[in-house]
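# Descriptive structure summary
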Amino acid sequence: GAGVSQTPSNKVTEKGKYVELRCDPISGHTALYWYRQSLGQGPEFLIYFQGTGAADDSGLPNDRFFAVRPEGSVSTLKIQRTERGDSAVYLCASSPARDNEQFFGPGTRLTVL
Amino acid sequence: GQQLNQSPQSMFIQEGEDVSMNCTSSSIFNTWLWYKQDPGEGPVLLIALYKAGELTSNGRLTAQFGITRKDSFLNISASIPSDVGIYFCAGHPLNTNAGKSTFGDGTTLTVKP
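We now turn to the structure provided with this report. The model shown is predicted, which means the values in this text are computed figures rather than measured ones. (Residues numbered from 1 in each chain as written. Chains lettered and ligands numbered in written order. Predicted model: local features only at pLDDT ≥ 70, side-chain atom pairs only at ≥ 80, totals over all residues. Heavy atoms only, no water.)

Moving on: the overall build of chain A. On a plain count of helices and strands, chain A comes out with 0 helices and 11 strands. Each helix (α) and strand (β) of chain A, taken in turn from the N terminus, gives the series β-β-β-β-β-β-β-β-β-β-β. The C-alpha atoms of chain A give 13 Å as radius of gyration, which agrees with the globular expectation for 113 residues (13 Å, within 12%). Projected onto its principal axes, the C-alpha positions of chain A cover 35 × 25 × 25 Å. For chain A, buried positions account for 46% of its 113 residues. When the accessible surface of chain A is split by element, carbon and sulfur atoms take 47% of a total near 5400 Å². Averaged over its 12 positive side-chain charges, chain A has a centre that lies 7 Å from the centre of its 12 negative ones. (Helix = DSSP H or I, 4+ residues; strand = E, 2+ residues; numbered from the N terminus. Rg over C-alpha atoms; globule rule 2.2 N^0.38 Å. Buried < 20%, exposed > 50% of the residue type's maximum accessible area, 1.4 Å probe, protein only. Areas by Shrake-Rupley, 256 points an atom, 1.4 Å probe, with all protein chains shown as cover. Lys, Arg positive; Asp, Glu negative; His and termini not counted. Charge placed at Lys NZ, Arg CZ, Asp CG, Glu CD.)

Right under this line is the structure:
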């Protein structure tokens, strides 16, 4: 079956612009996670959803970052007033439930010029 | 926040050799996970460990959950060219949300034919 998909695969934007990154989890997975991966580092937790609600958003770096999952399936990570330091690969993962194996998507590479 | 120290940072080995890498933490973890990431893709779970002292194999891969609960190692036996990639340890620190994984910075493995 289909895995986790993320769109776009690459996004180039200018400093100060707004961006949205989309994640389509595996069908039926109730838990969804966002991570950020900088070059040469491991993924860094941002937020995770159980159903429609954000169960833990403690990894969001500041209030420019926001994520939603209005129907408990697709999720959108939104970044306002982008900064060059936001450049990274943004990974999404989903799992059948909170304690199950996380399946990762290929990521969206964000470049802020 | 929680930090995982993963070593070595990189390894260059000959095909057929065995590989060992490890991960340590200053705090107790109640789950240890080992992932492999290929270029342009998200991490894929290799082995999950849930109990101190647990030793688990997956084909040529073997991982152990350290007795102190502050470390884990991954061994790869008889390496082959497709083992090339970045290996990450990850885990869930004690008393944290199980949806929130902490990752090390990876071991980059190169296998020379």
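Turning our attention to the sheet that holds strand E3 (residues 19-24) of chain A. Residue and element names in this part refer to chain A. With antiparallel pairing, 4 strands are arranged side by side in an open sheet as E1-E3-E8-E7. The sheet terminates laterally at strand E1 (5-7) and strand E7 (65-68), the two strands that pair on one side only. Averaged over all adjacent pairs, the angle separating strand axes in this sheet is 15 degrees, with direction ignored. (Pairing = 2+ DSSP bridges. Axes fitted to C-alpha atoms, helices over the stretch in contact; angles between N-to-C directions.)

As a further point, take the side chain of Gln37 of chain A. One can find Gln37 of chain A in strand E4 (residues 31-37). On the basis of relative accessibility, which here comes to 10%, the residue Gln37 of chain A falls in the buried class. A distance of 3.0 Å separates a polar atom in the side chain of Gln37 of chain A from the backbone oxygen of Gln41 of chain A. Polar contacts involving the side chain of Gln37 of chain A include one to the side chain of Gln37 of chain B, which spans 2.9 Å. Ignoring any residue separated from it by four or fewer positions in sequence, one finds Gln37 of chain A in contact with Gly42, Pro43, Ala88, Val89 and Leu91 of chain A together with Gln37 and Phe88 of chain B. (Polar contact = N/O pair within 3.5 Å; in protein donor to acceptor, adjacent residues only side chain to side chain. Contact = heavy atoms within 4.5 Å.)

Time to look at the side chain of Arg69 of chain A. All names here are of chain A. Locating Arg69 in the fold gives a position in the loop between E7 and strand E8 (75-79). In this structure, Arg69 is buried with no salt-bridge partner, the nearest side chain bearing the opposite charge being Asp24 at 9.8 Å. A polar contact of 2.9 Å, which involves the side chain of Arg69, links it to the backbone oxygen of Gly72. Those residues in contact with Arg69 that sit more than four places away from it in its chain are Pro25, His29, Thr30, Ala31, Leu32, Phe49, Gln50, Gly51, Thr52, Val74 and Ser75. (Salt bridge = Lys/Arg side-chain N within 4 Å of Asp/Glu carboxyl O.)

With that out of the way, let us pick up the pattern of salt bridges. Residues and elements named next belong to chain A. Tallied over the full model, the rule gives 6 salt bridges over all chains. Between Glu83 and Arg64 there is a salt bridge whose closest N-O contact spans 3.6 Å. Here Glu83 is found in the loop between E8 and strand E9 (88-95), whereas its partner Arg64 is found in the loop between strand E6 (53-56) and E7, with 19 residues between them in sequence. A residue is classified by how much of its surface remains accessible, and Glu83, at 39% relative accessible area, is partly exposed. We classify Arg64 as buried; its relative accessible area is 6%.

What follows concerns the nonpolar core. Residues Trp34, Leu74 and Leu109 of chain B are the most contacted members of the largest nonpolar core, which totals 21 residues. If you list the elements that add at least two residues to this core, you get strand E2 (10-14), strand E3 (19-25), strand E4 (29-37), strand E5 (44-49), strand E7 (61-65), strand E8 (71-76), strand E9 (85-93) and strand E11 (107-112) of chain B. Counting residues in each nonpolar core, the second largest holds 20 residues, with Ile26, Leu46, Phe49 and Phe65 of chain A among its members. (Core = buried A, V, L, I, M, F, W, Y, C linked by side-chain atoms within 4.5 Å.)

Residue and element names in this part refer to chain A. Enumeration according to the criterion identifies 2 disulfides over all chains in this entry. Across the disulfide, Cys23 is cross-linked to Cys92 (sulfur-sulfur distance 1.9 Å). With the S-S dihedral at roughly -65 degrees, the linkage between Cys23 and Cys92 falls on the left-handed side. Placement of Cys23 in strand E3 and of Cys92 in strand E9 is noted, with a sequence separation of 69 residues between them. (Disulfide = S-S within 2.5 Å.)

So, about the pairing of strand E6 (residues 55-58) of chain B. Residues and elements named next belong to chain B. Sheet topology note: the E6/E7 ladder contains 4 bridges and is antiparallel. If you follow Thr56 over to E7, its bridge partner there is Ala63. Counting the residues between successive antiparallel strands, the hairpin from E6 to E7 contains 2 residues, one of them, Gly59, with a positive phi of roughly 65 degrees.

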